[in-house]
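Take a look at the letters that make up each chain.
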Amino acid sequence: MHNLKLLTLSGIFVLTGCISLAPNYSRPDSPVPQQFSLSQNQLVSTPANYQDTGWRRFFGDPQVKKLIGEALLNNRDLRMAALKVQEARAQYGVTDADRYPQLNATASKTWSGKLADDSGTRQQYQAGLDLNYDLDFFGRLKNLSEAERQNYFASEEARRAVHILLIANVSQGYFRQRLAYAQLQVAQETLANYRQSYAFIEKQLVTGSSNVLALEQARGVIESTRSDIAKRKGELAQANNALQLLLGTYNTLPDDTAVSEVDINGVTLPPSLSSQILLQRPDIMQAEHGLLAANANIGAARAAFFPSITLTGSLSGSSTDLSSLFSNGMWNFIPKIELPIFNAGRNQSSLDLAEIRQQQSVVNYEQKIESAFKEVADTLALRQSLADQLAAQKRYLASLQITLQRAQTLYQHGAVSYIEVLDAERSLFATRQTLLDLNYARQVNEITLFTALGGGWIE
């Protein structure tokens, strides 16, 4: 009796498609080091208060939060990604339906008669039920369904990737717009200073304390600065256009009058930053789901070498009178077995193709991890470099301000020529612009690190 129960249970498992010829899945070994390092022997040292922070907590500026919120509602790329998820879910439903019995009802009515006879028209009613079921002994349909299920999961991760990329692009676009506006302001302030210098030299020229050369030099830097202002206005317009494209709306732009003092804080990292953190990135998770789908396709290709059994049955009836339609009804039951014997190597080629695609999926998965590792390593390496550059540039700016003050004092007393003042002013202007560029690079680097670690998804 015990053996009979085991045999019965085994039969049930077979009929429900529990046998699978897909290879056992094992996540490929990571092709990158276990931990990030800033040099060959120095691991990244970080505080212990790490938390996977969502974008609402990472960005403190209220304007950038508002813009990101609008982009998530209106951006067309994100809409397309959501539709791709719905498409993959529907495709999974279509494929999975083949695993279950298919029952169809048919009904028809026929009118017939003879051309050379006045006997009238004859009516014939027909109705029936058709049942079709593939037993799927070796899991072919099950593995095809599993492959589509993994493709559906992969599309979800692709949508997450678009979501995170959109947040990164909008925030970078916002800070790019703020950079262009700040650089325009610096150029306009510098132009105002140059005009004051020109007016001062013009007065000196009247009294004989200066010369035409100094006046023309002052005029030259004014025109040069006007050229820079025109350039910055063009960059500001382009930054606004790029931001509106990301937002999916042309009604919203950052308020230039609302200057926020909130800057980007550095990304808080876990202690001894492990490369395993990359596994939470949606692009890597998408690649792994693709690998699982490829594994399932191998199982479906292997099942093609084995017999397939299909059960077909029907119940039908026909009559000239609708009330007696099934009085003389008929039924049939047709078990059908198909055994592949010769198909010119089609099944073997299908299996080879599935195995090659599975190997390609492994390589793709490893490439994604390597690219992600490099992205994080690059941003970590650039972090300290940008901090050092900013600190040095600020010290240089303070030195130039002192230099300019002394050069102006000496020029007023006739101790130096105007070229000394001019050089100091040019250097100060260029340094202020460079300082803005470096701060923007620091902001972009932190945003890149935030997204490279898989952040930005949490609402």
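Calculation rules
Residues numbered from 1 in each chain as written. Predicted model: local features only at pLDDT ≥ 70, side-chain atom pairs only at ≥ 80, totals over all residues. Heavy atoms only, no water. Helix = DSSP H or I, 4+ residues; strand = E, 2+ residues; numbered from the N terminus. Buried < 20%, exposed > 50% of the residue type's maximum accessible area, 1.4 Å probe, protein only. Contact = heavy atoms within 4.5 Å. Areas by Shrake-Rupley, 256 points an atom, 1.4 Å probe, with all protein chains shown as cover. Phe/Tyr/Trp six-rings, centres within 6.5 Å; stacked < 30°, edge-to-face > 60°. Core = buried A, V, L, I, M, F, W, Y, C linked by side-chain atoms within 4.5 Å. Patch = residues over 30% accessible without salt bridge, like charges linked within 9 Å, V, L, I, M, F, W, Y side chains within 5 Å. Salt bridge = Lys/Arg side-chain N within 4 Å of Asp/Glu carboxyl O.

Chemist: Would you take a moment to explain the overall build of the protein chain for this structure?
Modeler: Within the protein chain one finds 9 helices and 4 strands. For the protein chain, with 459 residues in total, the buried portion stands at 37%. A separation of at least 24 residues holds for 84% of the contacts in the protein chain among residues at least 6 apart in sequence. Surface exposure of the protein chain reaches about 26400 Å², of which carbon and sulfur atoms provide 54%.

Chemist: Before we go on, may I ask you to explain the packing of aromatic side chains in this structure?
Modeler: Each aromatic ring pair is characterised by the separation of its centres together with the angle its planes make. In this structure the tally under the stated criterion is 9 aromatic pairs. Where Phe58 meets Phe450, the ring centres are 4.1 Å apart and the plane angle is 5°; that geometry is what we call stacked. Of this pair, Phe58 sits in helix H2 (residues 55–58) while Phe450 is found in helix H9 (residues 418–452), placing the two residues 392 residues apart along the sequence. Each member of the pair, Phe58 as well as Phe450, is classed as buried. Taking the centre distance of 5.1 Å and the plane angle of 70° together, the rings of Tyr174 and Phe175 count as edge-to-face. With relative accessibility at 2%, the residue Tyr174 sits in the buried group.

Chemist: What am I meant to see in the nonpolar core here?
Modeler: Soluble globular proteins tend to bury their nonpolar side chains together. In terms of nonpolar packing, the biggest core is built from 42 residues, with Phe36, Phe59, Ile68, Val170 and Val376 touching the most fellow members. Sorting the residues of this core by element identifies H2, helix H3 (62–74), helix H5 (140–207), helix H6 (212–247), helix H7 (282–303), helix H8 (346–412) and H9 as the ones contributing at least two each. No other element matches H5, which puts 7 residues into this core. Not counting the four nearest positions on each side in its chain, Val170 is found in contact with Leu67, Ile68, Ala71, Leu243, Leu246 and Leu247. Of all hydrophobic cores here, the second largest spans 31 residues; its members include Tyr198, Leu397, Leu404 and Leu428.

Chemist: Could you clarify how one ought to interpret a nonpolar patch on the surface in this entry?
Modeler: Side chains of Leu103, Leu129, Leu131, Leu315, Phe326, Trp331 and Phe333 sit close together on the surface and give an oily, nonpolar patch of about 770 Å² of accessible area. Elements with a contribution of two residues or more to the nonpolar patch: strand E2 (122–134) and strand E4 (330–338). Tracing the chain through its elements places Trp331 in strand E4. The exposed category is assigned to Trp331, whose relative accessible area is 66%.

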